[in-house]
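Listed here are the chains, written in short residue letters.
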Amino acid sequence: NVLILDFGSQYTQLIARRVRELNIFCEIKPYNKLPEDLSSFKAVILSGSPFSVRAEDAPHPDLSRIKGHKPLLAVCYGAQYLVHFNGGSVAKSNTREYGRANLSYINSEDPFFESISEGSQVWMSHSDTIKDLPKNTSVLASTQDVEYAAYKFDNESTYGIQFHPEVYHTKDGKKLLENFLVKIAGLEQTWTPDTFVDVTVAELKQRIGTDKVILGLSGGVDSTVAAVLLHKAIGKNLYCIFVNNGLLRKNEFEEVLEQYHDMGLNVKGVDASERFLSALNGESDPEKKRKIIGRVFIEVFDDEAHLVDDVKWLAQGTIYPDVIESVSVTGGPSATIKSHHNVGGLPDFMKLKVVEPLKMLFKDEVRRVGKSMAIGDERLGRHPFPGPGLAIRILGDITREKVAILQEVDYIFIKGLRDWGLYDEVWQAGAMLLPVDSVGVMGDERTYEKCVALRAVESTDGMTADWVNLPYEFLQKVSNDIINKVPGVNRVVYDISSKPPATIEWE
Ligand code: XMP
């Protein structure tokens, strides 16, 4: 296991992902929450930071239990930090140390640089720089502008690098991490999806025994993978509940329910469409719609949970980015774990013990684990779909008729993407029903009907997104199909806004 100590860099999660890609397990901890017991960590990595080590309010944790005791790799701020507090000096840099650079000197004797050649491209991003190294250190690599691009403390496995090995632009970054973790720290590359499944299933069996567990399935990747893992561990004692809120895609409820049955899951489909749609009646405010849907979901789920006798656990598909405690750059270190409601007013199912088998995995790892358990691409490769479903794609108030229209439009659009081989090129796609009627002409008739907007974006995590340049021929075909086949729609537009400043959903 590897400990990554976070000083607030935007790249900390990327370090963790690179380490995991090497099949080595790692955990991120904020610099001010160094675990008491460090015995399970075989190596430590210090992240970068937006702070300057010279600033008084910068992170200055006590590393005396680590440095010289465990293999230590300090990146960027981390590297400057070790220099600053061990007799060297760090100052503002006068040359630009941002962007690509090439290693003009490498000490290839050191195992850290094994199989890496001079000229290798690295990515720098700092405004401070190391002016003088401490006495008991040696330079391992330089670039034209940065003399101390990499250094090592003599007689210790302590390394510092001022560039970022975790970003894609550092071409040999992954190799460097591998050299450090495998060659220097002696870690084994055994953390694969298969071993994750074996270990997790064994742990779940042990922890849950013969207790009953309930889990809400959404049709998405995370809840599906969590359910299959738990099912492997406890079989029929896992009670899955899949709720139709009446705002899913066309046929989604029936099709997904059937897939869940085929996977052998003990799943109950609950059609609560009427309950959701009645509660939403007349509401057009986006945030209120979300709140209503959230509240009704909890009510429905609570009712269902009561039908299972003597249930002890609630399982959730929470993933690692939801639980990593991050270092806040503005207001000092803070824990941003989701706050829990106060216990008194909780629905009964929320008082259960919680089990979250995916809580140490990144999204791409959830997919890899799903694949290793033979979950099909129709689940794992599915575009994200928001919890409130079509409710936040129908601008204004929601009626059954509007839901039915949007389901047809969405169906033609998504099926078109699949038929044209475009579905996997797109991160998320969907249609919005606009609160606008406009004039058209069909045959000799004047029409005055609805307008829909199609949206397709590329993204990695939904935080930023670009609209996808879909082929004109494709847009022409789906637009024709929609207008010809969906009564009530006479106009189709394509959304060409990026996020930011637009969001992916229109509400
Ligand atoms: P926005 O519209 O904020 O969407 O750019 C970013 C991603 O989040 C999804 N999204 C939601 N998911 N409940 C959800 O479960 C919501 O209320 C919600 N709002 C947006 C959206 O589909 C996109 O993937």
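Please read all numbers here as calculations on a predicted model, not as lab measurements. (Residues numbered from 1 in each chain as written. Predicted model: local features only at pLDDT ≥ 70, side-chain atom pairs only at ≥ 80, totals over all residues.)

## Considerations on the nonpolar core
In this structure, V2, V213, L215, L230, C240, F242 and V409 are the most contacted members of the largest nonpolar core, which totals 133 residues. Per-element accounting of this core gives the leading share, nine residues, to helix α5 (residues 221-234). Contact partners of F242, with chain neighbours within four places excluded, come to L217, V256, L257, Y260, V267, G269 and V270. (Core = buried A, V, L, I, M, F, W, Y, C linked by C-beta atoms within 7 Å. Buried ≥ 20, exposed ≤ 12 C-beta atoms within 10 Å, placed from the backbone. Helix = DSSP H or I, 4+ residues; strand = E, 2+ residues; numbered from the N terminus. Contact = placed C-beta atoms within 7 Å.)

## Describing the sheet that holds strand β14 (residues 267-271)
The strand order β14-β13-β12-β15-β16 describes an open sheet built from five strands, whose pairing is parallel. The strands lining the two open edges of the sheet, one partner per strand, are β14 and β16 (353-355). Across this sheet, the average inter-strand angle for adjacent strands is 30 degrees, counted without regard to direction. The strands touched by helix α8 (residues 286-306) within the sheet are β12 (212-217), β13 (238-244), β14 and β15 (311-315), with β13 carrying the most contacts at an inclination of about 145 degrees. (Pairing = 2+ DSSP bridges. Axes fitted to C-alpha atoms, helices over the stretch in contact; angles between N-to-C directions.)

## Comments concerning the UniProt feature "active site" (unreviewed entry) in the chain
Taken from the UniProt record, the annotation "active site" (unreviewed entry) applies to C76, H164 and E166. Annotated residues spanning 91 residues; largest pairwise C-alpha distance 11.2 Å, indicating a single compact cluster. Position of C76 among the secondary structure elements: in the loop between β4 (72-75) and α2 (77-84). Given 25 C-beta atoms within 10 Å, C76 falls into the buried group. Residues within four places of C76 in sequence aside, it is in contact with G48, H126, Q162 and H164. Topologically, H164 is positioned in the loop between β11 (158-161) and α3 (173-184). Not counting the four nearest positions on each side in its chain, H164 is found in contact with Y11, G48, V75, C76, W123, S125 and T170. (UniProt positions renumbered as here; feature names shortened; annotations may be inferred.)

## Brief notes about the packing of helix α1 (residues 12-21) against α3
Close contact between α1 and α3 brings their axes to 10 Å; oriented N to C, the two are set at 70 degrees. Taken together, α1 and α3 sit at an angle that is classed as roughly perpendicular. Pair α1 / α3 crosses with right-handed handedness. Facing R18, V19 and E21 of α1, the residues of α3 in contact are G173, K174, L177 and L181. Classifying every residue of the contact of α1 with α3 gives three nonpolar, one polar and three charged. (Parallel < 35°, antiparallel > 145°, perpendicular 65-115°, else oblique. Left-handed = near helix turned anticlockwise from the far one by under 90°. Nonpolar A, V, L, I, M, F, W, Y, C, P; charged D, E, K, R; others polar.)

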